[in-house]
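Coordinate analysis (summary)
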Amino acid sequence: MNKLLLIMLSFLSLWAFGQDDAMKTDWANLKRYAADNKQLPPPTAKEKRVVFMGNSITEGWRKADSAFFAGKPYINRGISGQTTPQMLLRFRQDVIELKPAVVVILAGTNDIAENTGPITLEAILGNIVSMAELAKANHIRVVLSSVLPAYSYRWRPQIQPIEKIAALNAMIKEYCTKNKLVYVDYYSAMVDERRGLDKRYTNDEVHPTLAGYKVMEPLVEKAIAEALKRK
């Protein structure tokens, strides 16, 4: 009986390990939009499709203000919690293969929060630059977004993001200037005296409320229009 029990326990342990290992294989969450991508028809000749690539701030945008996306060629490909290396891994299937005219990339705050481990600002920028270069190589115009201000991260209270966000934004803006890309500055429009996200626009220091998205929307639409004018 004891021998049989040991065999059963060994089998269950192997099964559990296999299940855990399988969960880790889709680190970039490629499955999240796989079915949606398959169902999405190619853009029409006149369509100026725009893909919004990002994290929970992008994903939550569609939920907070669905009217902003309704009736427009806007495709939301935000995934909550994601960092730039995860976005880079799924960039081909969730952006390039959808054949947009423009991609709007909003990324970096979860890297600073160390959601997938410690990372330098240079490495974060490198991942953003890699996405931009992939887009340009595939004739997709690029809009790079500033990281939104954040005074603190509720899920990582030990991290102090203020200076890192400001520094990363300066790096992104400089890259855009040197490479003639469009930079959309949400930060300046939404920062408060603490250098955090203005409480008029958030309930948790990080994610915009509907009021916050209403500040972002005219800024990004202006940026998209500018990107479409560029060669």
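In this numbering scheme, every chain counts its residues from 1 along its sequence in written order. Only residues with pLDDT of at least 70 are given local features in this predicted model, and only at 80 or more are side-chain atom pairs given and counted; all residues enter the totals for whole chains, interfaces and linings. Calculated side-chain values reflect all of the structure's heavy atoms, with hydrogen atoms and water omitted.

We now examine the side chain of Arg-49. Secondary structure elements follow DSSP: runs of H or I of four or more residues count as helices, runs of E of two or more count as strands, with numbering from the N terminus. Within the fold, Arg-49 resides in the loop between helix H2 (34-39) and strand E1 (50-54). Contact definition: two residues touch when any of their heavy atoms are within 4.5 Å. Residues in contact with Arg-49, not counting those within four places in the same chain, are Leu-40, Pro-41, Pro-42, Pro-43, Pro-73, Ile-75, Leu-98, Lys-99, Pro-100, Ala-101 and Val-102.

Our next topic: the side chain of Asp-65. Mapped onto the elements of the fold, Asp-65 is located in the loop between helix H3 (56-64) and helix H4 (66-69). For Asp-65, a relative accessible area of 7% corresponds to the buried category. A polar contact of 3.0 Å, which involves the side chain of Asp-65, links it to the side chain of Lys-214. Apart from residues no more than four positions distant in its own chain, Asp-65 is found in contact with Leu-210, Lys-214 and Glu-217. Think of it in three bands: with a 1.4 Å probe and only protein chains considered, a residue is buried below 20% of the maximum accessible area for its type, exposed above 50%, and partly exposed in between. Counted as a polar contact is a pair of N or O atoms within 3.5 Å, where, for protein atoms, one must be capable of donating a hydrogen and the other of accepting one, and residues adjacent in sequence contribute only when both atoms are in side chains.

Where helix H7 (residues 121-137) contacts helix H8 (residues 162-179), the two axes come as close as 10 Å, and the packing angle between them is 35°. The way H7 lies across H8 gives a crossing that is right-handed. Contact residues: H7 offers Leu-121, Glu-122, Ile-124, Leu-125, Ile-128, Val-129, Ala-132, Glu-133 and Lys-136, while H8 offers Lys-164, Ala-167, Leu-168, Met-171, Ile-172, Tyr-175 and Asn-179. Residues are grouped as follows: nonpolar covers Ala, Val, Leu, Ile, Met, Phe, Trp, Tyr, Cys and Pro; charged covers Asp, Glu, Lys and Arg; every other residue, Gly included, is treated as polar. In terms of residue class, the contact of H7 with H8 is made up of 11 nonpolar, one polar and four charged. With axes taken as lines fitted to C-alpha atoms, and helix axes fitted only over the stretch in contact, angles between N-to-C directions fall between 0 and 180 degrees. Crossings are assigned a handedness: left-handed for a near helix turned anticlockwise from the far helix by less than a right angle, right-handed for a clockwise turn.

So yeah, pure geometry; function would need other evidence.
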